[in-house]
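Read off the chains here:
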Amino acid sequence: VQLVESGGGLVQPGGSLRLSCAASGFTFSSYGMSWYRQAPGKERELVAGISSAGDSTNYADSVKGRFTIFRLNYKNTVYLQMNSLKPEDTAVYYCRVQVKGYWGQGTQVTVSS
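In this numbering scheme, every chain counts its residues from 1 along its sequence in written order. It should be noted that, the model being predicted, local features are given only for residues of pLDDT at least 70 and side-chain atom pairs only at 80 or more, the latter also being counted only at that level, while totals for whole chains, interfaces and linings use all residues. As a convention, hydrogens and water are excluded, and side-chain values are obtained from all of the structure's heavy atoms.

Peer 1: Explain the sheet that holds strand 1 (residues 2-6) to me, please; I cannot follow it from the model alone.
Peer 2: To summarise the sheet geometry, strands pair through backbone hydrogen bonds and adopt either a parallel or an antiparallel arrangement. Spatial strand order, 1-3-8-7: four strands in an open sheet with antiparallel pairing. Either end of the sheet is taken by a strand with one partner, and the two such strands are strand 1 and strand 7 (67-72). Geometrically, the sheet is characterised by an average inter-axis angle of 15 degrees between neighbouring strands, direction not taken into account. Two strands pair if DSSP finds at least two bridges between them. Helix and strand assignments follow DSSP, with helices taken as H or I runs no shorter than four residues and strands as E runs no shorter than two, numbered in order from the N terminus. Axis lines are fitted through C-alpha atoms, for helices just across the contact stretch, and the angle between N-to-C directions can take any value from 0 to 180 degrees.

Peer 1: Please explain the pairing of strand 8 (residues 77-82) as it appears in this structure.
Peer 2: On any regular strand, side chains alternate: one points to one face of the sheet, the next to the other face. Within strand 8, six of the six residues are buried, which leaves the element mostly enclosed by the surrounding structure. Alignment of strand 3 (residues 17-24) against strand 8, held across six bridges, turns out to be antiparallel. Residue pairing across strands places Arg18 opposite Gln81, the latter belonging to strand 8. As paired strands, strand 7 and strand 8 are joined by six bridges and run antiparallel to one another. In the sheet register, Thr68 faces strand 8, and the bridge partner there is Gln81. Connecting strand 7 to the antiparallel partner strand 8 that follows it, the hairpin turn spans four residues, and Asn76 within it adopts a positive phi of roughly 50 degrees. Relative accessibility under 20% of the residue-type maximum defines a buried residue, over 50% an exposed one, and the middle range a partly exposed one, all with a 1.4 Å probe and only protein chains included.

Peer 1: Looking at this structure, I do not really get the pattern of salt bridges. What am I missing?
Peer 2: Opposite charge on two side chains allows them to pair when their charged atoms are near. Here, a salt bridge means any Lys or Arg side-chain nitrogen found within 4 Å of an Asp or Glu carboxyl oxygen. Under the criterion given, the structure shown has four salt bridges. A salt bridge links Asp61 to Lys64, with the shortest nitrogen-to-oxygen separation between them at 3.2 Å. A relative accessible area of 65% means that Asp61 is categorised as exposed. For Asp89, the salt bridge is made with Arg66, and the minimal N-O distance between the two is 2.7 Å. Placement of the pair is Asp89 in the loop between strand 8 and strand 9 (91-97) and Arg66 in the loop between strand 6 (57-59) and strand 7, with a sequence separation of 23 residues. Neither residue differs from the other here; Asp89 and Arg66 are each classed as buried. When salt bridges with common partners are traced through the structure, they connect Arg37, Glu45, Arg66 and Asp89 into a single cluster.

Peer 1: What is the right way to look at the nonpolar core in this model?
Peer 2: Within soluble globular proteins, side chains that are nonpolar tend to cluster in buried spots. As used here, the term nonpolar core means buried Ala, Val, Leu, Ile, Met, Phe, Trp, Tyr and Cys residues forming a set that is joined through side-chain atoms within 4.5 Å. Ranked by size, the top nonpolar core spans 28 residues in total, and within it Trp35, Leu80, Met82 and Tyr93 carry the most contacts. Broken down by secondary-structure element, the contributors of at least two residues to this core are strand 3, strand 4 (33-38), strand 5 (45-50), strand 7, strand 8, strand 9 and strand 10 (107-111). Apart from residues lying up to four places away in sequence, Met82 is in contact with Gly15, Ser16, Leu17, Leu19, Arg66, Phe67, Tyr93 and Val109. Should any heavy atoms of two residues lie within 4.5 Å, those residues are counted as being in contact.

What follows is the structure, given as structure tokens:
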């Protein structure tokens, strides 16, 4: 199993980023997927989740209305579109396979002027 996140970087407050998580080694379309994040000195927290078919999503209150999770099963990829970014969104972002519990290696997002 491999989960490879990409798309992180440095962005100014108010900016946008799109994270990608490319999956392989399992039947991607059979599993829900989630994005988590971990800021320095804080516990890892759930940011967003999506069902296997992509027809159901959930978000942390802190990102509702700003972040969108979606997936393209034919590409075995899940995405996190992040808009109106704030400094408090700075963290390492990880994707995770629900139920199976596989994790990616993470991608750094830094929101700073």
